[in-house]
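Summary of structural features
Chain by chain, the residues run as shown.
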Amino acid sequence: MIAVRESLLTPFQLGYVAGLLDGEGSIGILRAKDRAEWRPYMEVANTNLPALQLIQTWLAAGYITVDKANNRPVYHLRITNYRDIYRIASLLKGFCTIK
């Protein structure tokens, strides 16, 4: 994946990502299953795959998985890389009000 320069993201894009993360996403820390290690993550879940793919392109980070347990597939954009999380959190700092 080609990294997108942060300066190319518009305030609209940053606000959109912040709103989606606030409404449909989560930020947290999970314990690794096989180790006594804790890992941060950012995740947004949605049924609209093209929207998550667009966000993934804007942020140049993360991977998308699908959960087909329900009637409609639910897609998850998950970001687990420390540097990506820090970079994205820094970009969204002025746009997030809750998370």
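Residues numbered from 1 in each chain as written. Predicted model: local features only at pLDDT ≥ 70, side-chain atom pairs only at ≥ 80, totals over all residues. Heavy atoms only, no water.

**What about the sheet that holds strand β4 (residues 74-79)?**
For clarity, the cut-off: Any two strands are treated as partners once DSSP identifies two or more bridges connecting them. Per the convention used, a helix needs a DSSP run of H or I reaching at least four residues, while a strand needs a run of E reaching at least two, with both numbered from the N terminus. Only the contacting stretch of a helix is used when fitting its axis, a line to C-alpha atoms as for every element, and angles between N-to-C directions run 0 to 180 degrees. Any two residues whose heavy atoms approach within 4.5 Å are treated as being in contact.
One open sheet holds the four strands; their spatial order is β1-β2-β4-β3, and the pairing between them is antiparallel. At either margin of the open sheet sits one strand with a lone partner, and together these are β1 (25-31) and β3 (63-67). Strand-to-strand twist of the sheet, defined as the mean angle between neighbouring strand axes without regard to direction, takes the value 30°. The pairing of strand β2 (residues 38-46) with β4 spans five bridges and is antiparallel. Note on β4: the bridge partner recorded for Met-42 is Ile-79. Where helix α1 (residues 11-24) meets the sheet, its contacts fall on β1 and β2, and the angle it forms with β2 comes to roughly 95°.

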